[in-house]
Amino acid sequence: MNEHPEVSIVMGSKSDLEVMTEASGVLREFGIGHEVRVISAHRTPQKAHEFGNTAKTRGVKLIIAGAGKAAHLAGVMASLTTLPVIGVPMKTSDLGGLDSLLSTVQMPGGIPVATTAIGRAGAKNAGLLAVAILALSNEELSSKLDAYREVMTNAVKQADTEVINGSDA
Ligand code: RP5
């Protein structure tokens, strides 16, 4: 948490928190100041409007919004600010997250939401996408992101070597 966060992570319900910690974990790893809030487009609409309207003046540079079912939070945020908004569709018990995905991704022209995959991978990628956007104007962050990618690439190469050598197969 941070008094002057660069990134806002908002979610429609506390039930989204466990998944959304994937995003905050990435931001923490990269040393990016962020805040985490529960604000619902449907259950607390006034709060959502106030939050979206004031994000830019508070110094926030981008918003990550996670929501499930009729997932309008990211779209509502995007309608209230010109900051980049990354939407994370939550997996749901009824429709598996397809409901959240379509509600988040199918924005009308003019109000963009950069939508990630459903659930945990999407939340993690939202964090990484936020890092990539901030890294455009931050060389140190850009180098950290390169190093992060290299570690991941090496892990896959290592796994390939292990499978080729038959140690795990
Ligand atoms: C959405 O409805 C939330 O983002 C959550 O994913 C879903 C269910 O919310 P709860 O009923 O668990 O609070 O607004």
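Thresholds, definitions, all that
Residues numbered from 1 in each chain as written. Predicted model: local features only at pLDDT ≥ 70, side-chain atom pairs only at ≥ 80, totals over all residues. Heavy atoms only, no water. Core = buried A, V, L, I, M, F, W, Y, C linked by side-chain atoms within 4.5 Å. Buried < 20%, exposed > 50% of the residue type's maximum accessible area, 1.4 Å probe, protein only. Helix = DSSP H or I, 4+ residues; strand = E, 2+ residues; numbered from the N terminus. Contact = heavy atoms within 4.5 Å. Axes fitted to C-alpha atoms, helices over the stretch in contact; angles between N-to-C directions. Parallel < 35°, antiparallel > 145°, perpendicular 65-115°, else oblique. Left-handed = near helix turned anticlockwise from the far one by under 90°. Nonpolar A, V, L, I, M, F, W, Y, C, P; charged D, E, K, R; others polar.

> Explain the nonpolar core to me, please; I cannot follow it from the model alone.
When a protein is soluble and globular, its nonpolar side chains tend to lie buried together. Of all hydrophobic cores here, the largest spans 25 residues; its most connected members are Val7, Ile9, Met20, Phe30, Ile32, Ile64 and Val131. Secondary-structure elements contributing two or more residues to this core are β1 (7–11), α1 (17–29), β3 (62–67), β4 (85–89), α5 (120–135) and α6 (139–164). Per-element tally for this core: the top contributor is α5, with seven residues. Not counting chain neighbours up to four residues away, the residues in contact with Phe30 comprise Leu128, Val131, Leu141, Lys144, Leu145 and Tyr148.

> Is there a simple way to explain the packing of α1 against α5 in this structure?
Direction vectors running N to C along α1 and α5 enclose 25°, while the axes themselves pass 7 Å from each other. Considering their axes alone, α1 and α5 lie roughly parallel with respect to each other. Seen along the crossing, α1 lies across α5 with a hand that is right-handed. Note on element contacts: α5 touches α1 through Arg120, Ala123, Lys124, Gly127, Leu128, Ala130 and Val131, opposite Glu18, Val19, Met20, Glu22, Ala23, Val26 and Leu27. When the residues that make up the contact of α1 with α5 are grouped by side-chain class, the tally is nine nonpolar, one polar and four charged.

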